[in-house]
Amino acid sequence: MMAQLQQGGPDEKEKTTALKDLLSRIDLDELMKKDEPPLEFPDTLEGFEYIFNEKGQLRHIKTGEPFVFNYREDLHRWNQKRYEALGEIITKYIYELLQNECHLKKVTLPVDAIESEPKSFIFMSEDALVNPDKLLVLIHGNGVVRAGQWARRLIINEDLDSGTQIPYIKRAIEEGYGVIVLNPNENYIEVEKTKAQIPLSSDISDEPAEKRERKDKIQKETKKRRDFYEKYRNPQKEKETMQIYIRDNGSPEEHAIYVWDHFISQSAAENVFFVAHSYGGLAFVELMIQREAEVKNRVTAVALTDSVHNVWHQEVGKTIREWMRENCCNWVSSSEPLDTSVESMLPDCPRVSAGTERHELTSWKSFPSVFKFFSEAVKAKNSLVKPTPTRRSNKIKYEEF
């Protein structure tokens with residue numbers, strides 16, 4: 001047919017161009033979406049027919065098998081949406097564990113929020129602000145994870161211990177720490193756009209009527225053509241939404257500073273400790289830049305796990321870099337054994353192996369070393385000597401007192 005059209009006159013050539021345009025816009029993979037099932041999923045673990053067993057592993061209720069991503073062959077988008085729906089249920093499940101199993105309380109942010117404005121929240125132990133000795137602050141990385149999580153992938157495919165902050169929280173409480181769990185990715189709420197909020201055209205009221213009519217005609221034709229393609233591209237078109245940001249908590253960095261100002265800096269603890277994973281490390285460094293004197297005065301030690309901070313890009317001053325060298329340690333993904341010293345091109349804090357090459361596992365694999373690091377930091381502070389990582393036996397060690 002294309003060959004026949006190309007042999008014709010101008011009209012046929014115009015039809016050929018239109019046909020080529022149509023074919024170029026239709027993706028055969030996307031065309032298959034016509035037949036995908038509705039994007040409607042259960043809202044409970046039981047509805048998905050999954051449950052966490054006694055080992056904290058997600059297993060199918062009937063078969064006992066791990067989670068299967070490719071539930072329906074050749075329907076990647078549908079499988080991805082199913083995975084995301086399950087992830088949202090797991091987020092709520094972790095919140096429940098923080099409250100019921102770890103006995104943390106949920107605190108709304110901003111602290112002076114009115115009923116109608118968007119809100120976030122953090123979790124903290126009952127003694128977080130009054131514990132006179134130690135306070136542990138946990139900051140996860142960027143992405144879909146929320147308070148209490150290190151990595152959704154680990155929670156779904158591995159277990160709760162490796163993917164959540166619960167082991168850190170439980171051990172901290174056992175050792176007499178107060179605990180504050182940040183929620184740095186809860187930055188906005190999404191609301192559905194109304195038709196009035198979706199502009200169909202720009203303001204052209206000052207244009208001549210003839211020009212405006214011509215533009216309206218073109219716009220209608222464009223919309224008609226777009227809708228025609230869209231029914232193939234996206235047969236289950238999702239609702240258009242807009243983001244309303246949470247006051248003073250619109251980014252991980254803002255959130256960290258807000259929680260510092262309203263909670264951490266107001267706590268009674270003599271020793272404040274941070275565990276910050278991935279982007280959480282960048283948020284902590286930004287906190288230091290903005291509240292340098294306060295952080296130096298209150299924080300005893302910081303454990304970073306595969307932190308993505310960069311002292312050059314973040315323009316970290318010399319005094320902060322010096323403090324980080326003395327008070328921070330970054331457990332990075334590496335093939336080397338746990339705690340083996342790892343070279344760094346950045347002049348900030350010591351880097352040691354987390355005992356794994358998987359970024360998302362670094363917090364879990366370094367778990368025992370982190371608490372040892374904190375314990376040594378307290379001893380060093382009490383004896384007025386800072387813990388200093390050495391290369392003796394190619395392992396990170398600290399001066400013995």
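Residues numbered from 1 in each chain as written. Predicted model: local features only at pLDDT ≥ 70, side-chain atom pairs only at ≥ 80, totals over all residues. Heavy atoms only, no water.

Q: Residue-level account of the overall build of the protein chain, with values.
A: Of regular secondary structure, the protein chain possesses 15 helices and 13 strands. Per-residue burial for the protein chain yields a buried fraction of 45% across its 401 residues. Sequence separation of at least 24 residues holds for 69% of the intrachain contacts in the protein chain that already meet a minimum separation of 6. Here the protein chain displays about 21,900 Å² of accessible surface, and carbon together with sulfur accounts for 49% of that area. (Helix = DSSP H or I, 4+ residues; strand = E, 2+ residues; numbered from the N terminus. Buried < 20%, exposed > 50% of the residue type's maximum accessible area, 1.4 Å probe, protein only. Contact = heavy atoms within 4.5 Å. Areas by Shrake-Rupley, 256 points an atom, 1.4 Å probe, with all protein chains shown as cover.)

Q: Lay out the nonpolar core in plain terms, naming residues and giving numbers.
A: Grouped together as the largest cluster of nonpolar side chains are 48 residues, with contacts concentrated most on Leu58, Ile90, Leu136, Val275 and Phe374. Counting only domains with at least three residues in this core, you end up with domain 1 (37–101) and domain 2 (106–189 + 247–385). Setting aside its immediate chain neighbours within four residues, leucine 136 contacts Tyr168, Ala172, Tyr177, Gly178, Val179, Ile180, Phe273, Val275, Phe371 and Phe374. Formed by 37 residues, the second largest nonpolar core is a distinct cluster that contains Met124, Ala256, Val259 and Ile320. (Core = buried A, V, L, I, M, F, W, Y, C linked by side-chain atoms within 4.5 Å. Domains from an automatic or database assignment.)

Q: Explain the side chain of aspartate 306 to me, and be specific about the residues and the numbers.
A: Assignment of secondary structure puts aspartate 306 in the loop between strand 10 (299–305) and helix 13 (318–327). Although aspartate 306 is buried, it forms no salt bridge, and the closest oppositely charged side chain is arginine 351 at an N-O distance of 6.1 Å. Setting aside residues no more than four positions away along its own chain, aspartate 306 makes contact with Ser278, Asn330, Trp331, Val332, Ser333, His359 and Thr362. (Lys, Arg positive; Asp, Glu negative; His and termini not counted. Salt bridge = Lys/Arg side-chain N within 4 Å of Asp/Glu carboxyl O.)

Q: Please give an account of the packing of helix 8 (residues 166–174) against helix 15 (residues 367–382) that cites residues and values.
A: Running from amino to carboxyl end, helix 8 crosses helix 15 at an angle of 35°, the nearest separation of the two axes being 11 Å. Between helix 8 and helix 15 lies a crossing of right-handed hand. Side by side, helix 8 and helix 15 meet where Pro167, Tyr168, Arg171 and Ala172 of the first sit next to Phe367, Pro368, Val370 and Phe371 of the second. Here the contact of helix 8 with helix 15 is composed, by residue class, of 7 nonpolar, no polar and 1 charged. (Axes fitted to C-alpha atoms, helices over the stretch in contact; angles between N-to-C directions. Left-handed = near helix turned anticlockwise from the far one by under 90°. Nonpolar A, V, L, I, M, F, W, Y, C, P; charged D, E, K, R; others polar.)

Q: Give me the lowdown on the packing of aromatic side chains, citing residues and values where you can.
A: Using the criterion set out here, one finds 22 aromatic pairs in the structure. An angle of 55° between the planes, with centres 5.5 Å apart, marks the rings of tyrosine 50 and phenylalanine 67 as tilted. Of this pair, tyrosine 50 sits in strand 1 (residues 50–52) while phenylalanine 67 sits in the loop between strand 2 (58–60) and helix 5 (76–100); the two residues are 17 residues apart in sequence, bridging distant segments of the chain. For the residue pair tyrosine 50 and phenylalanine 67, the accessibility class agrees, reading buried in each case. An angle of 80° between the planes, with centres 5.5 Å apart, marks the rings of phenylalanine 367 and phenylalanine 371 as edge-to-face. One end of the pair, phenylalanine 367, and the other, phenylalanine 371, are both in helix 15, 4 residues apart, so they sit about a helical turn from each other. Look at phenylalanine 367 and you get buried, because its relative accessible area is 14%. For phenylalanine 371, a relative accessible area of 2% puts it in the buried group. Through a chain of ring-to-ring contacts, three or more aromatic side chains come together here, namely Trp150, Tyr168, Tyr177, Phe273, Trp331, Trp364, Phe367, Phe371, Phe373 and Phe374. For lysine 134, the ring lying beneath its charged end belongs to tyrosine 177, and the centroid distance is 4.2 Å. Arginine 171 extends its terminal NZ or CZ atom over the ring of phenylalanine 367, reaching a point 5.7 Å from the ring centre. (Phe/Tyr/Trp six-rings, centres within 6.5 Å; stacked < 30°, edge-to-face > 60°. Lys NZ or Arg CZ within 6 Å of the ring centre and 35° of its normal.)

Q: Outline helix 10 (residues 252–262), supporting the account with residue identities and numerical values.
A: Taken across its 11 residues, helix 10 has 8 buried, putting it largely inside the fold. Along helix 10, the residues classified as buried are Pro252, Glu253, His255, Ala256, Ile257, Tyr258, Val259 and Trp260.

Q: Tell me about the sheet that holds strand 6 (residues 177–181), and name the residues and values.
A: Here 9 strands make up an open sheet; going across it, the order is 3-4-6-5-9-10-11-13-12 and the pairing mixed. Lying at the two open borders of the sheet, with one neighbouring strand each, are strand 3 (105–109) and strand 12 (341–342). When strand 3 meets strand 4 (residues 120–124), the two strands line up antiparallel, connected through 5 bridges. Bridge pairing links lysine 105 to methionine 124 in strand 4. Its contacts with the sheet put helix 13 on strand 10 and strand 11 (328–332), and the angle it makes with strand 11 is roughly 70°. (Pairing = 2+ DSSP bridges.)

Q: Any details on the pattern of salt bridges? Residues and values, ideally.
A: Within this structure, the stated rule accounts for 13 salt bridges. Arginine 153 serves as the salt-bridge partner of glutamate 360, at 3.4 Å between the closest nitrogen and oxygen. Of this pair, glutamate 360 sits in the loop between strand 13 (351–353) and helix 14 (362–365) while arginine 153 sits in helix 6 (residues 152–157); the two residues are 207 residues apart in sequence, bridging distant segments of the chain. As a salt-bridge pair, aspartate 261 and arginine 291 come within 2.8 Å of each other at their nearest N and O atoms. Separated by 30 residues along the polypeptide, aspartate 261 in helix 10 and arginine 291 in the loop between helix 11 (279–290) and helix 12 (292–298) bring together distant segments of the chain. By relative accessible area, which is 25% here, aspartate 261 ends up partly exposed.

Q: An account of the pairing of strand 6 is needed here, citing residue identities and associated values.
A: Along strand 6, 5 of the 5 residues are buried, which leaves the element largely enclosed by surrounding structure. Here strand 6 shows two buried faces, one formed by Tyr177, Val179 and Val181 and the other by Gly178 and Ile180. Judged from the 2 bridges that link them, strand 4 and strand 6 form a sheet pairing that is antiparallel. Its bridge partner being in strand 6, phenylalanine 123 is matched across the sheet by valine 181.

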